[in-house]
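Analysis of the macromolecular model
The chain contents come next:
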Amino acid sequence: MSWLWAIIVGLVLGLIAKAILPGKQDIPLWLTTVFGIIGSILGNAVAGWIGVEDTKGIDWIRHLLQLIGAVVVVGVGDMIWQSIRGGRSRQRT
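Report follows, based on the coordinates. (Residues numbered from 1 in each chain as written. Predicted model: local features only at pLDDT ≥ 70, side-chain atom pairs only at ≥ 80, totals over all residues. Heavy atoms only, no water.)

1. What to know about the packing of helix H1 (residues 2-20) against helix H2 (residues 29-49)
At a minimum axis distance of 7 Å, the contact between H1 and H2 shows a crossing angle of 100°. One element, H1, and the other, H2, form an angle in the roughly perpendicular class. Mapping the contact onto sequence places Ala6, Ile7, Val9, Gly10, Leu11, Leu13, Gly14, Leu15 and Lys18 in H1 and Leu29, Thr32, Thr33, Gly36, Ile37 and Ser40 in H2. (Axes fitted to C-alpha atoms, helices over the stretch in contact; angles between N-to-C directions. Helix = DSSP H or I, 4+ residues; strand = E, 2+ residues; numbered from the N terminus. Parallel < 35°, antiparallel > 145°, perpendicular 65-115°, else oblique. Contact = heavy atoms within 4.5 Å.)

2. Some words on the environment of Val9
Within the fold, Val9 resides in helix H1. A residue is classified by how much of its surface remains accessible, and Val9, at 30% relative accessible area, is partly exposed. Separated by 28 residues in the primary sequence, Val9 and Ile37 have C-alpha atoms spaced 7.0 Å apart. (Buried < 20%, exposed > 50% of the residue type's maximum accessible area, 1.4 Å probe, protein only.)

3. Regarding the nonpolar core
Grouped together as the largest cluster of nonpolar side chains are 11 residues: Leu13, Ala17, Leu21, Ile27, Leu31, Phe35, Ala70, Val71, Val73, Val74 and Trp81. Those elements giving two or more residues to this core turn out to be H1, H2 and helix H3 (60-85). Apart from residues no more than four positions distant in its own chain, Trp81 is found in contact with Asp26, Ile27, Pro28, Trp30 and Leu31. (Core = buried A, V, L, I, M, F, W, Y, C linked by side-chain atoms within 4.5 Å.)

Right, here's the structure in full:
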């Protein structure tokens, strides 16, 4: 069941990250979810490295670090996706 939560959290974080980033990201929804999951994992790793332990309530620091990780991964991933796909340099007619 934890894999289902990872997908849900990845989707939510990926969509929030796309909303935070300026401009339009032309990555598909499945890739947004994957980038959100990767950002969440990175945020959890950073939280562990800086010593953020589990709390009894909502762990705001951990969630903020997960969101920051998702924003970074979505931003970098979008640039890589555009370079692979030939992205923004093309004009539609």
